[in-house]
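Secondary and tertiary structure notes
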Amino acid sequence: MSRRLEAQTGDVMNGGAAKAVAIFGAGGHTGRFVVAELKRRGITPVVVVRNNAKLAQERVFGPEIDLREAAIDDAASLNIAFANVAAVINCAGPFLDTAAPVAEAAIRAGAHYLDVTAEQPSAMATFEAFDEAARAAGVLVLPAMGFYGGLGDLMVSAAMDDWVDVDDIRIGIALDSWHPTRGTRITGARNTAQRLVVSNGRLAPLVPAADDLTLNFPEPFGRQDVVALPFSEIPVITRHLRPKELHSFLNRTALSDVRAVDTPTPTAADESGRSPQRFAINAVIRKGRETRRITATGRDIYAFSAPLICEAVVRLLDGRSRGSGAQAPGAVFDAGDFLNALNVRIPDFQMTRN
């Protein structure tokens with residue numbers, strides 16, 4: 001870590017000016033959860049939006065919030081927006097469009113970069129494009145540090161523990177519903193790239209599995225019909241692990257919801273803004289004849305991404321991370337300790353290992 005970042009980290013934990021963390025796309029659905037979570041943790045949020053006037057008119061954030069406007073095609077505005085911050089969280093999709101200019105500006109500012117992309121090509125491009133620059137700046141770049149991508153990687157890393165090379169990793173995701181945000185709709189239309197898995201130790205195009213594929217999940221899900229549908233967990237996991245096979249699946253209920261044009265956006269079920277949506281993730285790792293499993297359950301995939309990515313920010317700033325460059329969370333954090341912290345902090349989140 002550079003001397004500048006060491007100084008920033010000390011300021012963050014001691015209430016100095018560099019305690020601020022910028023949220024690009026803070027006016028969106030996930031971004032508002034992130035702002036609220038940072039405030040709960042005593043970290044000053046710098047709200048960066050693409051339409052300052054609209055957000056000010058809506059009075060989404062209080063008058064005490066540092067509100068800045070920036071555009072991805074205006075490097076100077078990004079430089080101003082990220083001045084004197086310790087980290088930048090990008091919540092503005094499609095990340096195929098926003099990740100590169102926002103990550104580049106964060107690195108110029110000497111700040112860590114994180115985003116919540118579920119898009120495979122975006123995560124892969126961020127890893128490849130910014131590793132060298134981030135190392136030179138002494139900062140970390142963590143794409144896909146959200147429900148899709150980061151959570152699966154942390155679960156797999158924790159379950160692997162002392163294992164290095166494994167034969168097979170299978171990740172199953174079940175949602176009791178998926179009411180997509182406007183951002184999810186836009187991203188889905190933008191992201192038409194071929195999805196990838198790992199087969200025979202190499203990244204390979206997804207070959208759709210048989211229609212009768214099912215997986216077991218904890219209650220209330222039970223046995224679910226699933227389809228092979230990899231998200232950003234594939235490039236994140238393969239950033240630091242080398243399984244011979246890596247595949248992920250989504251239950252058909254969730255897929256039907258997100259594909260239906262008339263599925264409404266999420267509806268708040270409590271004062272925090274969380275929806276009643278439930279989720280479960282199973283990760284099964286096999287090495288020879290041995291198998292390890294880890295399961296997580298919780299509520300609202302969008303709201304869940306906020307404490308997940310904010311926990312990462314806290315650990316970046318208080319020194320509980322390793323190295324620099326473009327990395328996966330399982331490579332830079334103690335995955336088991338990270339998940340245990342989420343288990344304590346997040347209502348409705350539970351994790352089991354066997």
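Residues numbered from 1 in each chain as written. Predicted model: local features only at pLDDT ≥ 70, side-chain atom pairs only at ≥ 80, totals over all residues. Heavy atoms only, no water.

What to know about the pairing of strand E11 (residues 222-228)
Counted only if it meets this: Three exposure classes are used, based on accessible area relative to the maximum for each residue type with a 1.4 Å probe and protein chains only: buried under 20%, partly exposed in between, and exposed over 50%. Strands are runs of DSSP state E lasting at least 2 residues, helices are runs of H or I lasting at least 4, and numbering of each runs from the N terminus. Two strands pair under a simple rule: DSSP has to find at least two bridges between them.
Burial within E11 is extensive, with five of its seven residues counted as buried. Note that strand E10 (residues 214-217) and E11 share four bridges and pair antiparallel. Note that in E11 the partner of Asn 216 across the bridge is Arg 223. Linkage of E10 to E11, two consecutive antiparallel strands, is achieved through a turn of four residues.

Concerning the sheet that holds strand E1 (residues 21-24)
What counts, and what does not: Contacts between residues were defined by any pair of non-hydrogen atoms, one from each residue, lying within 4.5 Å. Orientation is described by axes fitted as lines to C-alpha atoms, over the contacting stretch for helices, and by angles from 0 to 180 degrees between their N-to-C directions.
Read across the open sheet, the seven strands follow the order E3-E2-E1-E4-E5-E6-E15; overall the sheet is parallel. Of all the strands in the sheet, the pair left with one neighbour each is strand E3 (66-69) and strand E15 (325-326). The sheet contacts of helix H2 (residues 29-40) involve E1, strand E2 (45-49) and strand E4 (87-90), and relative to E1 the element is tilted by about 165°. Across the sheet, helix H11 (residues 301-317) lies against E1, E4, strand E5 (112-115) and strand E6 (140-142), angled at about 165° from E5, the strand it touches most.

Here we look at the confidence of the model for the protein chain
Rules: pLDDT: the predictor's confidence for each residue, scored from 0 to 100.
Looking at the protein chain, pLDDT values average 92 and 93% of them are 70 or higher. Low confidence marks residues 1-18, where pLDDT is under 50. Its contacts with residues over four positions away, or in another chain, come to 35 contacts.

Comments concerning the environment of Ala 100
Inspection of the secondary structure assignment puts Ala 100 in helix H5 (residues 95-108). Remark: the alpha-carbon pair of Ala 100 and Phe 130, spanning 30 residues in sequence, is separated by 8.5 Å.

Some thoughts on H2
Given 3.6 residues to a turn, an α-helix orients residues that are three or four positions apart in the same direction. Test applied: By this rule the span expected of a helix is its residue count minus one, scaled by 1.5 Å.
Under the 1.5 Å per step criterion, the end-to-end length of H2 is 17 Å for twelve residues, consistent within 8% with the ideal 16 Å. Those residues of H2 that fall on the buried side of the exposure criterion are Thr 30, Gly 31, Phe 33, Val 34, Val 35, Glu 37 and Leu 38. Against E1, E2, E4, H11 and helix H13 (335-345) lie the buried residues of H2.

Section: the packing of aromatic side chains
Both the distance between ring centres and the angle between the ring planes are used here to describe each pair of aromatic rings. Applied cut-off: Under the pairing criterion, centres of Phe, Tyr and Trp rings, with the six-membered ring standing for Trp, must be within 6.5 Å; the plane angle then separates stacked pairs below 30 degrees from edge-to-face pairs above 60, leaving the rest tilted. Only lysine NZ and arginine CZ atoms are considered, and such an atom sits over a ring when it is within 6 Å of the ring centre and within 35 degrees of the ring normal.
Per the counting criterion, the structure on display carries nine aromatic pairs. Lying across the ring of Phe 231, Arg 195 places its NZ or CZ 5.1 Å from the centre. One cation-aromatic arrangement involves Arg 292 over Trp 163; the distance from NZ or CZ to the ring centre is 3.9 Å.

Here we look at the pairing of strand E14 (residues 290-299)
With seven of its ten residues buried, E14 lies for the most part within the structure. Here ten bridges tie strand E13 (residues 278-287) to E14, and the two strands are oriented antiparallel to one another. Across the sheet, residue Val 284 finds its bridge partner in E14, namely Arg 293. What sits between E13 and E14 in their antiparallel hairpin is a turn of two residues, with Gly 288 showing a positive phi close to 60°. The sheet contact formed by E14 and strand E16 (residues 350-353) spans four bridges and is antiparallel. The partner of Ile 294 across the bridge, within E16, is Arg 353.

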